[in-house]
Amino acid sequence: MSDTLLFHKTFAHPTSDEWVVFVHGAGGSSSIWFKQIKAYKQHFNLLLIDLRGHGKSNQLLKELMSNRYTFKSVTLDILKVLDHLKIRSAHFVGMSLGTIIVRNLAELATDRVKSMVLGGAVTRLNTRSQVLVKLGNLCKHILPYMWLYSLFAYIVMPQRTQKESRHLFIREAKKLCQKEFKRWFILTAEVNPLMRYFKDREIPIPTLYLMGERDYMFIQPVKEMVAAHRKSQLLEIADCGHVCNVERPEEFNQHSIAFIQQQIDSPTA
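Rules used in this analysis
- Residues numbered from 1 in each chain as written.
- Predicted model: local features only at pLDDT ≥ 70, side-chain atom pairs only at ≥ 80, totals over all residues.
- Heavy atoms only, no water.
- Helix = DSSP H or I, 4+ residues; strand = E, 2+ residues; numbered from the N terminus.
- Contact = heavy atoms within 4.5 Å.
- Areas by Shrake-Rupley, 256 points an atom, 1.4 Å probe, with all protein chains shown as cover.
- Salt bridge = Lys/Arg side-chain N within 4 Å of Asp/Glu carboxyl O.
- Buried < 20%, exposed > 50% of the residue type's maximum accessible area, 1.4 Å probe, protein only.
- Pairing = 2+ DSSP bridges.
- Right-handed = clockwise from strand over helix to strand, strands pointing away.
- Core = buried A, V, L, I, M, F, W, Y, C linked by side-chain atoms within 4.5 Å.
- Phe/Tyr/Trp six-rings, centres within 6.5 Å; stacked < 30°, edge-to-face > 60°.

Details of the overall build of the protein chain
- Counting its secondary structure elements, the protein chain contains 11 helices and seven strands.
- Summarising the internal contacts of the protein chain: among those between residues at least 6 apart in sequence, 80% fall at separations of at least 24.
- When the accessible surface of the protein chain is split by element, carbon and sulfur atoms take 56% of a total near 12,000 Å².

Considering the pattern of salt bridges
- What the rule picks out here adds up to 12 salt bridges.
- Notably, a salt bridge pairs arginine 214 with aspartate 239, separated by 2.8 Å at the nearest N-O pair. Residue arginine 214 is found in the loop between β6 (207-212) and α9 (219-228), and its partner aspartate 239 is found in the loop between β7 (232-237) and α10 (244-247); the two are separated by 25 residues along the sequence.
- We classify aspartate 239 as partly exposed; its relative accessible area is 30%.

Here's the deal with the pairing of strand β4 (residues 90-95)
- The buried count for β4 comes to six of six residues, which makes it a mostly enclosed element.
- Residue alternation in β4 divides its side chains into two sets, Ala90, Phe92 and Gly94 and His91, Val93 and Met95, and both sets are buried.
- As defined by bridge partners, β4 adjoins strand β5 (residues 113-119) across six bridges and the pair is classed as parallel. Paired with histidine 91 across the bridge in β5 is serine 115.
- Traced from β4 through helix α3 (residues 98-108) to β5, the parallel crossover comes out right-handed.

Topic: the nonpolar core
- In terms of nonpolar packing, the biggest core is built from 52 residues, with Ile78 and Phe92 touching the most fellow members.
- Of the residues forming this core, the biggest block, six residues, is contributed by helix α2 (residues 71-84).

Observations concerning the packing of aromatic side chains
- Evaluated as defined, the whole model comprises four aromatic pairs.
- Arranged with centres 5.0 Å apart and planes meeting at 50°, the rings of phenylalanine 22 and tryptophan 33 form a pair that is tilted. Taken together, the residues span a long stretch of sequence, with phenylalanine 22 in strand β2 (residues 19-23) and tryptophan 33 in the loop between β2 and α1 (37-40) at a distance of 11 residues.
- In this structure tryptophan 33 comes out as buried when scored by relative accessible area, which is 0%.
- Considering the side-chain rings of tyrosine 40 and phenylalanine 44, the 5.9 Å spacing of their centres and the 50° angle between planes classify their relative orientation as tilted.
- Look at phenylalanine 44 and you get buried, because its relative accessible area is 1%.
- Put simply, the rings of Phe22, Trp33, Tyr40 and Phe44 touch in pairs and so form one group of aromatic residues.

What follows is the structure, encoded as structure tokens:
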């Protein structure tokens, strides 16, 4: 079964027992965390994962390729890596669509998740993003997927300050094949029903939402989610868009590491 494991990379800490698992979004890869590794590895053991079809996992899982992807199957891939590495429980840091996977993992295996940091979190697709997805669905067999992905990247990350994030995501997306892109694209239909369920059902895991204040497509639904959940808090990063770990790495690292440390120092808080 080891040949079906996702590509993953670990950084061991000399004394800490705490693990932090990083989960990237659709079209990205574990390389999006390059501005986090140095700061995080001073405190914790790190696990970086490439989701199926992404980064260095794109040649793996051939037997799964014919199946339709679901958030559940993509989430179980991660649990399999945790089991393989004998990581009983960890803190999770997700970005963009990866935040849904982290939240789903907390649903499927609550005891494995100590805390969640959800950056650029997707908690609902608003009308604009739903129109985009419908348009994408209509065009996905006609247009080259990179045109679609580039268009999406510009709509989600329009500001000049988001140029680096945009280029990073477009570069990583080029490594996806057209079939793979379609499988992940189809997943977007699951977002709203799943997130409605998550909003109605809070789980007792400390959660920090880290959002760029200019992440105009996703920030309002996050505010609604946090208002409904006692264990959640929202921190907005000034002058920042969707991919806040790349645009404002110092603030992202400082706030998220402090939050995780706080959970370790007072786990019942």
